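Next come the chains, spelled out residue by residue.
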Amino acid sequence: MLLAPGPRDFKSNLSHLHHVLLPPDTSLGYFQRESIEEVFVVMAGSGRMTVADETFPVSQYDVIFAGVGEGRGLYNDSGGDLELFKVGVSLLANEDQDP
């Protein structure tokens, strides 16, 4: 059974697909990807997201795109959990910049 597929397991340039659960007052931090685009899909809860130096509220069913070279960060400033999926696609084959 393959529990954590990585970039070499796909024929496409999929870098990562993560299910993330952020408790209240936690963050993914602020980071930048030089060759990976990411899409964040908020499944439940709410918080604040920054993409390319613009900060805005996010909530259930929001879909946020962060392009190559754009800084991005997500903070759960609510009283409940923030649940999301994070999908990364690389411009380069077999690249995984995500720990």
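Refer to the structure presented above.
Small disclaimer: the values here were computed from a predicted structure and weren't measured. (Residues numbered from 1 in each chain as written. Predicted model: local features only at pLDDT ≥ 70, side-chain atom pairs only at ≥ 80, totals over all residues. Heavy atoms only, no water.)

Ordered by their spatial adjacency, four strands build an open sheet running β1-β8-β3-β6, and the pairing between neighbours is antiparallel. In the strand order of this sheet, the two ends are held by β1 (14-22) and β6 (63-66), each with one partner. The average undirected angle you get between the axes of adjacent strands in this sheet is 15°. Inspection of the sheet shows strand β3 (residues 36-44) paired to strand β8 (residues 82-90) by eight bridges, in the antiparallel sense. Directly across from Ile 36, in β8, lies its bridge partner Ser 90. (Pairing = 2+ DSSP bridges. Helix = DSSP H or I, 4+ residues; strand = E, 2+ residues; numbered from the N terminus. Axes fitted to C-alpha atoms, helices over the stretch in contact; angles between N-to-C directions.)

A word on the environment of Gln 32. Tracing the chain through its elements places Gln 32 in strand β2 (residues 27-32). Sequence separation of Gln 32 and Gly 67 is 35 residues, and the distance between their C-alpha atoms is 9.3 Å. Within the local environment of Gln 32, its side chain forms a polar contact with the side chain of Glu 34, the two groups lying 2.7 Å apart. Of the polar contacts made by the side chain of Gln 32, one reaches the backbone oxygen of Gly 69; its length is 3.0 Å. (Polar contact = N/O pair within 3.5 Å; in protein donor to acceptor, adjacent residues only side chain to side chain.)

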